[in-house]
Amino acid sequence: MNLKKILLLNVLLTSFTFSHASETLNPIVVSNSISPIDIHSSPASMEVFTASDIEERGFSNIQELLSSISSVNVTTNGGIGQLTSVFTRGTESNHTKIILDGVELNPGTIALAPIQNISISSIDRIEIIKGSSSALHGARTIGGIINIKTKENSNSLTMSVGSWSTNSTSFTQSYNVNGLKLNLNANRSESKSIPTKDGALNRHAHNTENIGLGLIKEINDYVFTAKLYNSRGNTQYDYFGSNRNQNHDDYFYNFGFKKFINDDIFEMKIIGSQNRILQGTVNDFTDTQRDIYDFSYTNVGNNGIQKIGVIYTKEHMDELVFEGGGAWESRYAAQHNNKEYFYQSELSYPSYRINYGLRHTDHSRSGHFNSGNFGLSFLSDNDVYSLNLTKSYRPADATDLYATDGSGDAERKPEESFSYELGIKRYVNESTFIRGTVFKTRIKNLIEADENSQIYISDALITGLEMRVQTNIHPFKYDIGYTYMIPRDTKNNQPLTKRAKHKLNADLIYKINQNSDFRFNILGVGTVKASSIYDINLGSYYIANANYRKKLDQGTISLSMKNIFDRPYRTAHNYLTLDRSVFVTYSYDY
């Protein structure tokens, strides 16, 4: 096997095994390109968190990790385990595609991926791409991509306990039997949490159980992969003063096959998935099932790499809401078929990088659509000047199209976007990395919902400036990010809801000695418009967090305190947030 093939095997199989990434200011990213590219050289804006970064910063869940990015707004409908929405660079919560181990989690109905059910202890690496990558990743990427990779080469047991009767246990185990690589990842978490809403009389608990099994087998020039995943659990919510139960039952399988042909690669993937929510005390439910057949061919040249592919998707959606509720009842069953053809090319030279791609989509309901991207980076000593252009779309989800409560409209057009960003990245020295990006996104046919869940169509224009400074000067690490953004509903001449105009995140990490460190964090968020039809704003706020980590002979122990000064704040109108809380986490590696 020649050098190119070895490099490609490492990239395309493990994708996230660059161990040095967490120890430098410039990690390698693979989500936004065919071949790996470092953040410094990439035309697109990206962030990377490894398992080591997560442990060092003391993140308790994915929501907290995403909140630490200045251009991402995260809202929750109450406490731990409640419905979570992610707004990347001012776009809608259903504009960011969530990918777990190569499988999209965004359902075809309510279109909010259940990231609150993913255990952060199971994550090996998470990459956040800000801005669309529609040629490689297709629809529903207007805002960006969150690509999550779970642990594969780990043997560990992690236990955490904390406030609100919260506890979790995560177990990972890997095997290598005559070249057959197996990995098992299992976790369980539960919390009594807090009341979700103003006026709620009871606490609303949450529990979830996840299990994942993966395997990899290489035989000569063939590589076979498989991933199985299941997540089940229960979340309580408030219904006019009483507790109701909502159960989730999600699964996917991902079978892959690769054939190396000289320096090229033929790849085939067969994916099946289910996203199901059941109301425990009534018959309401929402369900998305997908079957995906993905074929691609990658050609490797001396200075470039190109990929061509065909994807066929069958998607079946069912929903029943407010059964027996008369005019409020919504009931439908629908099926969409989707054919996609894409091409992506990437060229790499000493002084510049170019990537461009095109995807044609033939959607059985939304028709034909062309999307694509063009990125260019000029490299000059320690500076990089970049341009990124993207055209993307999101077909209306099944609830928007077929809901029978009066909000559905089968003639609803897909949302379309065009965006660009201009970036400057500079290494001031080997210890300091600074980035600045100006971005602009225009969206038409934007599907919005008011306080009464009534749908209306709008257009949006989002402009912003994002800056980040990272410095490693022993024994300190500084990481400061700030975003100024104007997200506007241009039809109604008002701000888009739940997006902050100003957001600041500042981290200070002090390395006490070789085996221990301390992190202090300040998160500041500006005033946010809370409602599209009422003059209600959520006030600006700041919260402080701290984490102490001690490395042991075979593991670590961490003590985290969230919202140290017990500051009151809201991320969604009428929904409560956690006050001061403490968590202790112990991880044993064997």
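Residues numbered from 1 in each chain as written. Predicted model: local features only at pLDDT ≥ 70, side-chain atom pairs only at ≥ 80, totals over all residues. Heavy atoms only, no water.

Chemist: Explain the sheet that holds strand β8 (residues 123-130) residue by residue, including any values.
Modeler: With mixed pairing, the five strands of this open sheet are ordered in space as β3-β8-β9-β6-β7. Lying at the two open borders of the sheet, with one neighbouring strand each, are β3 (45-50) and β7 (103-104). Across two bridges, strand β6 (residues 96-100) lies against β7 in antiparallel orientation. Its bridge partner lying in β7, I99 is registered against E104. (Pairing = 2+ DSSP bridges. Helix = DSSP H or I, 4+ residues; strand = E, 2+ residues; numbered from the N terminus.)

Chemist: I'd like a description of unusual backbone geometry, backed by residues and values.
Modeler: Here the bond from H474 into P475 is cis, since omega is 10 degrees, no more than 30 degrees from zero. With respect to the helices and strands, the residue P475 is situated in the loop between β25 (455-473) and β26 (476-489). Despite not being glycine, N445 shows a phi value in the positive range, around 60 degrees. Topologically, N445 is positioned in strand β24 (residues 432-449). Relative accessible area serves as the criterion here: at 17%, N445 is assigned to the buried category. (Buried < 20%, exposed > 50% of the residue type's maximum accessible area, 1.4 Å probe, protein only.)

Chemist: Which residues make up the side chain of N547, and what values do they have?
Modeler: Along the chain, N547 falls in strand β32 (residues 541-552). In terms of polar contacts, N547 uses its side chain to reach the backbone carbonyl oxygen of E56, at 3.2 Å. There is a polar contact of 2.4 Å between the side chain of N547 and the side chain of S560. Setting aside its immediate chain neighbours within four residues, N547 contacts E55, E56, R57, G58, D517, F518, R519, S558, L559 and S560. (Polar contact = N/O pair within 3.5 Å; in protein donor to acceptor, adjacent residues only side chain to side chain. Contact = heavy atoms within 4.5 Å.)

Chemist: Describe the side chain of D507, and please don't skip the residues or the numbers.
Modeler: Within the fold, D507 resides in strand β28 (residues 502-513). According to the relative accessible area criterion, D507 is buried, its value standing at 3%. At 2.9 Å, the side chain of D507 and the side chain of R57 are in polar contact. Of note is the side chain of D507, whose polar atom sits 3.1 Å from the side chain of N521. In this view, D507 contacts R57, K477, Y478, D479, R519, F520 and N521; residues no more than four positions away in its chain are not counted.

Chemist: How would you sum up the pattern of salt bridges? Please name residues and give values.
Modeler: Scanning the model with the defined rule gives 36 salt bridges in all. E92 is the partner of R499 in a salt bridge, and the nearest nitrogen-oxygen pair spans 3.1 Å. Residue R499 is found in the loop between β27 (494-495) and β28, and its partner E92 is found in the loop between β5 (84-88) and β6; the two are separated by 407 residues along the sequence. For the pair shown, R499 and E92 are each scored as buried. Here E315 and R290 are joined by a salt bridge, their closest N and O atoms 2.7 Å apart. Remark: R290 occurs in strand β17 (residues 285-300) and E315 occurs in strand β18 (residues 304-321); sequence separation between them is 25 residues. (Salt bridge = Lys/Arg side-chain N within 4 Å of Asp/Glu carboxyl O.)

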